[in-house]
Amino acid sequence: MQAIRSILVVIDPEHSESLALKRAKLIAGVTQAHLHLLVCDKKHDHAGMLSVLKAALLADGYSVTTEQAWNESLYETIIDVQQAEGCGLVIKQHFPDSPLKKALLTPADWKLLRHCPTPVLLVKTAGSWKDKVILAAVDVGNADGEHRHLHSTIIDHGYDIAILAKAHLHVISAHPTPMLSSADPTFQLKETIEAKYREQCRAFQAEFDIDDQHLHIEEGPADVLIPYMARKLQAAVTVIGTVARSGLSGVLIGNTAEAVLDTLESDVLVLKPQEVEDHLVELAVKD
């Protein structure tokens, strides 16, 4: 987070108060990152609004540029501009779709999370991050190289946000419920599952300097436990990751991030391992 030099801020002209811009100012105020404001619209001219926003930001000492663009769809426009401007973070306000629309069409924010090569911060709240909890969601039970790298990325960003917002980092990790059908006896009993998981967690805690008070280990599905813990701790931001799914054309986000997006009451930062980001950059360049 501290290394991000340029932030793409998606401005929705239909909403006068831009929560995305509020968060971008918070981050840029600490990191000195450049802000590139983007309105995605092909029908109406928003030059006047962008000019007013730019003048106010420049007066407050921010480095800022503005743009209005459109290419086929919202998420494609955002990614095109992100690539052209070299932005290291995309910030966008999240507007949940109705259940009916979601059943018929893939939500635009899901497409953005799936295809955007950089971290995406989806803003859902207007509240301050200061002195609040930053909740990092990890899957300690997956210790392969890709997940280890993702864990490191999630915890690093969690610490970065906690530092810039003077907040407190907590970590949630869910372990599976017993499965009598499992070929591995370890996963057939609750006690052996939990013992194995806590052993893995001790190594994780030692590596990332997470003490017992800030680590929450729960049994059950991650898409239920993450929103539950975020609500219990009154988290301001939930940091969640995704890895590549084999057997699919391109790279798709893990469905946990999509499943929790509307149920979480906090802002959501979604991250990917470097190799996934690299692959998505290749796809964006080809398009």
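All figures in this text were calculated on a predicted structure; none of them were measured in a lab.

Rules used in this analysis
Residues numbered from 1 in each chain as written. Predicted model: local features only at pLDDT ≥ 70, side-chain atom pairs only at ≥ 80, totals over all residues. Heavy atoms only, no water. pLDDT = per-residue confidence, 0-100. Contact = heavy atoms within 4.5 Å. Buried < 20%, exposed > 50% of the residue type's maximum accessible area, 1.4 Å probe, protein only. Helix = DSSP H or I, 4+ residues; strand = E, 2+ residues; numbered from the N terminus. Pairing = 2+ DSSP bridges. 1 Å grid on protein atoms, 1.4 Å probe; cavity = no way out; pocket = protein on both sides within 12 Å on 5 of 7 lines; lining within 4 Å. Points joined across faces, edges and corners; volume = space filled by probe spheres on them. Nonpolar A, V, L, I, M, F, W, Y, C, P; charged D, E, K, R; others polar. Phe/Tyr/Trp six-rings, centres within 6.5 Å; stacked < 30°, edge-to-face > 60°. Polar contact = N/O pair within 3.5 Å; in protein donor to acceptor, adjacent residues only side chain to side chain. Core = buried A, V, L, I, M, F, W, Y, C linked by side-chain atoms within 4.5 Å. Axes fitted to C-alpha atoms, helices over the stretch in contact; angles between N-to-C directions.

Close inspection of predicted coordinates is inappropriate in any region flagged by low pLDDT. For the protein chain, the mean per-residue pLDDT works out to 83, and 79% of the residues sit at or above 70. Every residue in residues 178–183 is under pLDDT 50, and counting partners more than four places away or in other chains gives eleven contacts. Here residues 244–253 is modelled with pLDDT under 50, and outside its nearest four sequence neighbours on either side it reaches 20 contacts, counting other chains as well.

In this section: the pairing of strand 5 (residues 120–123). The alternating pattern of strand 5 places Val120 and Leu122 on one face and Leu121 and Val123 on the opposite face, and all of these are buried. Direction of pairing for strand 4 (residues 89–93) relative to strand 5: parallel, over a ladder of four bridges. Residue pairing for strand 5: Gln93 is matched across the bridge by Val123. Pairing of strand 5 with strand 10 (residues 267–271), which is carried by three bridges, proceeds in the antiparallel orientation. Directly across from Val120, in strand 10, lies its bridge partner Val270.

Moving on: unusual backbone geometry. Of note in this structure, Asp209 is not a glycine but carries a positive phi near 60 degrees. Inspection of the secondary structure puts Asp209 in the loop between helix 7 (190–208) and strand 8 (215–219). Residues other than glycine seldom take positive phi values, yet Gln234 does so here, at roughly 55 degrees. With respect to the helices, strands and loops of the structure, Gln234 is situated in the loop between helix 8 (222–233) and strand 9 (235–241). When its relative accessible area of 62% is taken as the criterion, Gln234 is described as exposed.

The next subject is the environment of Thr77. Mapped onto the secondary structure, Thr77 falls in helix 3 (residues 74–85). Expressed as a C-alpha distance, the spacing of Thr77 and Leu38, which sit 39 residues apart in the sequence, is 9.4 Å. Beyond its immediate chain neighbours, meaning those up to four positions away, Thr77 contacts Leu38, Cys40, Ala69, Trp70 and Asn71.

Right, let's talk about empty space enclosed by the protein for a bit. The full count for this structure, using the stated rule, is one cavity of 30 Å³ or more. There is about 30 Å³ of room inside the largest cavity. Val10, Asp12, His15, Glu17, Ser18, Ala20 and Gln93 are the residues that line the largest cavity. Across the lining of the largest cavity, the residue classes break down as two nonpolar, three polar and two charged.

On to the pairing of strand 9, then. Across the seven residues of strand 9, six count as buried, placing the element largely inside the fold. Summarising the sheet, strand 6 (residues 133–137) and strand 9 pair through four bridges and their orientation is parallel. Bridge pairing in strand 9 places Leu135 opposite Thr238. Summarising the sheet, strand 9 and strand 10 pair through five bridges and their orientation is parallel. Residue pairing in the sheet places Val237 in a bridge with Asp267 of strand 10.

In the structure shown here, the tally under the stated rule is one aromatic pair. Measuring from ring centre to ring centre gives 5.0 Å for Phe204 and Phe208, while their planes differ by 50 degrees; the resulting arrangement is tilted. Of this pair, Phe204 and Phe208 both sit in helix 7, four residues apart, which is roughly one turn of that helix. A residue is classified by how much of its surface remains accessible, and Phe204, at 4% relative accessible area, is buried.

Glancing now at the side chain of Gln82. Tracing the backbone through its elements, the reader meets Gln82 in helix 3. Residue class for Gln82 comes out buried when judged on its relative accessible area of 3%. There is a polar contact of 3.0 Å between the side chain of Gln82 and the side chain of Gln83. Gln82 has contacts with Leu8, Cys87, Val90, Pro117 and Thr118, leaving out every residue within four places of it along the chain.

Looking now at the nonpolar core. Within the largest apolar cluster, 49 residues are counted, with the highest numbers of intra-cluster contacts made by Ile7, Val9, Leu35, Leu37 and Ile91. Sequence-distant contacts of Leu37, that is, excluding residues within four places in its chain, are made with Val9, Ile11, Leu21, Leu50, Leu53, Leu57, Val64, Thr65, Thr66 and Glu67. In terms of nonpolar packing, the next biggest core, distinct from the first, is built from 33 residues, Cys40, Val90, Ala235 and Val260 among them.

Attention now goes to the sheet that holds strand 3 (residues 64–69). Read from one edge to the other, the open sheet built from ten strands follows the order 3-2-1-4-5-10-9-6-7-8, with strand pairing classed as mixed. The strands lining the two open edges of the sheet, one partner per strand, are strand 3 and strand 8. Ignoring strand direction, the axes of neighbouring strands in this sheet form an average angle of 20 degrees. Note: strand 2 (residues 34–40) against strand 3, six bridges, orientation parallel. Looking at strand 3, one finds that His36 is bridged to Thr65. The strands touched by helix 1 (residues 19–31) within the sheet are strand 1 (6–10), strand 2, strand 4, strand 5 and strand 10, with strand 4 carrying the most contacts at an inclination of about 145 degrees. Running at roughly 160 degrees to strand 5, helix 5 (residues 108–115) makes contact with strand 4, strand 5 and strand 10 of the sheet.

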